[in-house]
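Working through the structure, step by step
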Amino acid sequence: MPGFKVAVAGATGNVGREMLAILAERRFPVSEVVALASSRSVGKEVSFGERTLKCRALEHYDFSDADLCLMSAGGAVSKEWSPKIGAKGCVVIDNSSAWRMDPDVPLIVPEVNADAARGFAKKNIIANPNCSTAQLVVALKPLHDAATIRRVVVATYQSVSGAGKEAMDELFSQTRSVFVSDPIEAKKFPKRIAFNLIPHIDAFMDDGSTKEEWKMMVETKKILDPRRDILREAPGCLVVDRREPGGYVTPHEATGEDATYISRIREDPTIENGLNLWVVSDNLRKGAALNAVQIAEVLVNRGWLKPKLNAA
Ligand SMILES: NC(=O)c1ccc[n+]([C@@H]2O[C@H](COP(=O)([O-])OP(=O)(O)OC[C@H]3O[C@@H](n4cnc5c(N)ncnc54)[C@H](OP(=O)(O)O)[C@@H]3O)[C@@H](O)[C@H]2O)c1
């Protein structure tokens, strides 16, 4: 298979580093991989399989001969750069929330609605859903196939890694402070995060919900669009459900794994035809980097994207 020139924008971040690892791990057909980040990171080294790449500045990079850009540099950067990169004929697969609800941008979880990725050509942008939405729809799809879901009630317990590398550093330093009795400093999070939980992600909305809660709702509806022919098989899920101590998967065990694990399946006695279940997956993989690479694989395997250098 001919190789593609792939740029990874946000290569120094949590998601970007995972994208580079997954591209290498899955042997994505590349002719060249370019690591991009902010100008602060020029020359910084990141790993791509056995190789080391030196980061270049996104703002000075010419995308004319790049085929794909896996973008995980935040919403503001994506809003500004994705249309410019798309206009150069390079397809952007974006991890931020900037484009998810744009009607001209497909929002894709390959196990669920890969066919819809074909609509990428309008803007040359494809969106990845929020990390919680991605695993949710993988678990909901087989149920939706069987019985058309009418209502979903979700409680999420989200990893600090979902808020980026600064957030992980804050958890580390606060945890250390707890053990050595130093004062706790909160910068990235509004309250202490070490040995604690915060019932709030993203901005508050007028109705009292948060933008993260809103995103899960609208993105799930866009991906599980009932008018779409999504109802075939149920890949991506692994049911681990023994009704005994330890007969379920915990977040720690899902770290580094590709599957969405489903445990604790039981009927909900409070509502007719209700089901309760526990769903776990690695937010940096299925929730972000793996999903992005899987979308790229759909474009390549279905022949919807050809490498520019071989096209002439
Ligand atoms: N973490 C998750 O589970 C998850 C899941 C789904 C989606 N996402 C989304 O993915 C994106 C990245 O998340 P993350 O967790 O990887 O964050 P992160 O660890 O904070 O990394 C942010 C990345 O963006 C780069 N960046 C920042 N400003 C830039 C600029 N002006 N130009 C070019 N690059 C710039 C940073 O480069 P420097 O190092 O040079 O600053 C870094 O590589 C966010 O949009 C996030 O919402 C994350």
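Residues numbered from 1 in each chain as written. Predicted model: local features only at pLDDT ≥ 70, side-chain atom pairs only at ≥ 80, totals over all residues. Heavy atoms only, no water.

So, about the site of the ligand. Close contacts around the ligand come from 26 residues, with Thr12, Ser38, Arg40, Ser41 and Asn283 the closest. At a separation of 2.5 Å, an oxygen atom of the ligand approaches a polar side-chain atom of Thr12. At a separation of 3.0 Å, a nitrogen atom of the ligand approaches a polar backbone atom of Ser161. Here the ligand loses 80% of its free accessible area of 900 Å² to cover by the protein chains. Of all the secondary structure elements, the ones that give two or more residues to the shell around the ligand are helix H1 (14-25) and helix H8 (285-301). (Near = heavy atom within 4 Å. Polar contact = N/O pair within 3.5 Å; in protein donor to acceptor, adjacent residues only side chain to side chain. Areas by Shrake-Rupley, 256 points an atom, 1.4 Å probe, with all protein chains shown as cover. Helix = DSSP H or I, 4+ residues; strand = E, 2+ residues; numbered from the N terminus.)

Between helix H4 (residues 131-147) and helix H6 (residues 211-223), the shortest axis-to-axis distance is 10 Å and the interhelical angle comes to 40°. Of the possible angle classes, the one that applies to H4 and H6 is oblique. At the point where H4 passes H6, the crossing takes the right-handed sense. Contact residues: H4 offers Ser132, Thr133, Leu136, Val137 and Leu140, while H6 offers Glu212, Lys215, Met216, Glu219, Thr220 and Ile223. Tallied by class, residues from the contact of H4 with H6 come to five nonpolar, three polar and three charged. (Axes fitted to C-alpha atoms, helices over the stretch in contact; angles between N-to-C directions. Parallel < 35°, antiparallel > 145°, perpendicular 65-115°, else oblique. Left-handed = near helix turned anticlockwise from the far one by under 90°. Contact = heavy atoms within 4.5 Å. Nonpolar A, V, L, I, M, F, W, Y, C, P; charged D, E, K, R; others polar.)

Contact pair H1 / H8: the axes reach a minimum separation of 9 Å and the direction vectors enclose 45°. Between H1 and H8, the crossing angle belongs to the class labelled oblique. The handedness of the crossing between H1 and H8 comes out as right-handed. Between H1 and H8, the residues in contact are Val15, Glu18, Met19, Ile22, Leu23 and Glu25 and Arg285, Ala288, Ala289, Leu290, Ala292 and Val293, respectively.

Moving on: the pattern of salt bridges. Using the criterion set out here, one finds 20 salt bridges in the structure. With a shortest N-O distance of 3.3 Å, Glu80 and Lys84 are connected by a salt bridge. Placement of the pair is Glu80 and Lys84 together in helix H2 (residues 75-87), with a separation of four residues, close to one helical turn. When its relative accessible area of 44% is taken as the criterion, Glu80 is described as partly exposed. The exposure class assigned to Lys84 is partly exposed, which follows from its relative accessible area of 42%. Note that Lys215 is salt-bridged to Asp202, the shortest N-O span being 2.9 Å. Of the two residues, Lys215 sits in helix H6 while Asp202 sits in the loop between helix H5 (165-180) and H6, which places them 13 residues apart along the sequence. The exposure class assigned to Asp202 is partly exposed, which follows from its relative accessible area of 36%. Each of Glu18, Glu25, Arg26, Asp258, Arg285 and Glu297 takes part in salt bridges that share partners, so that together they form one network. (Salt bridge = Lys/Arg side-chain N within 4 Å of Asp/Glu carboxyl O. Buried < 20%, exposed > 50% of the residue type's maximum accessible area, 1.4 Å probe, protein only.)

Let us look at the pairing of strand E4 (residues 51-54). Bridge count between strand E3 (residues 45-48) and E4: four bridges; the pairing is antiparallel. Bridge pairing in E4 places Ser47 opposite Thr52. Counting the residues that bridge the hairpin from E3 to E4 gives two residues, and of these Gly49 lies at a positive phi of roughly 60°. (Pairing = 2+ DSSP bridges.)

Here H6 is 13 residues long and its end C-alpha atoms lie 18 Å apart, about the 18 Å a rise of 1.5 Å per residue gives. Of the positions making up H6, those classed as buried are Glu212, Lys215, Met216, Val218, Glu219, Thr220, Lys222 and Ile223. At its buried positions, H6 is contacted by helix H3 (110-113) and H4. (Expected span 1.5 Å × (residues − 1).)

On the surface, Arg17, Arg40, Lys44 and Lys165 cluster together into a patch of positive charge. Of note, Lys44 is situated in the loop between strand E2 (30-37) and E3. Judged by relative accessible area, which is 45%, Lys44 ranks as partly exposed. (Patch = residues over 30% accessible without salt bridge, like charges linked within 9 Å, V, L, I, M, F, W, Y side chains within 5 Å. Lys, Arg positive; Asp, Glu negative; His and termini not counted. Charge placed at Lys NZ, Arg CZ, Asp CG, Glu CD.)

Once that is clear, we can look at a nonpolar patch on the surface. Taken together, the side chains of Met101, Trp214 and Met217 make up a nonpolar region of the molecular surface, amounting to roughly 270 Å² of accessible area. On the secondary structure map, Met217 appears in helix H6.

On to the pairing of E2. Relative to E2, strand E1 (residues 4-9) runs parallel, the two sharing six bridges. By the bridge assignment, Lys5 is partnered in E2 with Glu32. Each parallel crossover has a hand, and for E1 linked through H1 to E2 it is right-handed. Two elements, E2 and strand E5 (residues 56-57), share two bridges in a ladder whose sense is parallel. Directly across from Ala37, in E5, lies its bridge partner Ala57. (Right-handed = clockwise from strand over helix to strand, strands pointing away.)

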